[in-house]
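Architecture at a glance
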Amino acid sequence: MKKKKEKITYIDDGRSLADMSNVSTRFEMSKRHTSSPVKEIIKTYFGAMKMMLLPTVVAVGFIVVIYILIYFVFKVM
């Protein structure tokens, strides 16, 4: 006779802390290999790099503009 599996009931108590006990470690995840060909992996990588190029340039440009403004404000004083 099989034992009946205990049904787990989750109750949301509003806390932001989560139970991470069943999350695998980085080492365990690195053991799994992908079956994708190398060409496809490289294509995906450079596609993601292209998508992130413009937002990166905008963010760095914004930081440079703020730096220049602060530099001139405090240099004059």
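Everything below is about the structure shown above.
Along each chain, residues carry numbers from 1 onward, in the same order as the chain's sequence is written. Predicted model: local features are reported for residues with pLDDT of at least 70 only, side-chain atom pairs are reported and counted for 80 or more only, and whole-chain, interface and lining totals are derived from all residues. Note that the side-chain values use all heavy atoms of the structure and ignore hydrogens as well as water.

**Quick look at the overall build of the chain**
- The helix and strand tally for the chain stands at 2 helices and 0 strands.
- Buried positions account for 0% of the 77 residues belonging to the chain.
- Only the protein chains shown count as covering a residue, and every accessible area follows the Shrake-Rupley method with a 1.4 Å probe. Working note: accessible area of the chain is about 8800 Å², and carbon and sulfur atoms make up 68% of it. Secondary structure counts use DSSP, requiring at least four H or I residues in a row for a helix and at least two E residues in a row for a strand, with both numbered from the N terminus. Relative accessibility thresholds used throughout: buried, under 20% of the residue-type maximum; exposed, over 50%; partly exposed, between the two (1.4 Å probe, protein chains only).

**Remarks on the packing of aromatic side chains**
- Side-chain rings of Phe, Tyr and Trp, where Trp is taken by its six-membered ring, are said to pair if the distance between their centres is within 6.5 Å; with planes under 30 degrees apart they count as stacked, over 60 as edge-to-face, and otherwise as tilted. All told, the structure shown has 3 aromatic pairs when counted by the stated rule.
- Consider the rings of Y45 and F46, whose centres lie 5.2 Å apart with planes at 80°: the pair is edge-to-face.
- Take Y45: its relative accessible area is 48%, and that puts it in the partly exposed class.
- Here the aromatic cluster, defined as three or more aromatic residues joined through ring pairs, consists of Y67, Y71 and F72.

**Some words on a nonpolar patch on the surface**
- Patch building starts from residues that exceed 30% relative accessible area and form no salt bridge, then joins like charges within 9 Å and nonpolar side chains (Val, Leu, Ile, Met, Phe, Trp, Tyr) within 5 Å. Between Lys or Arg on one side and Asp or Glu on the other, a salt bridge is scored when a side-chain nitrogen of the former is within 4 Å of a carboxyl oxygen of the latter. Taken together, the side chains of F62, I63, V65, I66, L69, I70, V73 and F74 present a nonpolar region at the surface, about 810 Å² in accessible area.
- By the secondary structure assignment, V73 is in helix α2 (residues 38-76).
- Judged by its relative accessible area of 46%, V73 is partly exposed.

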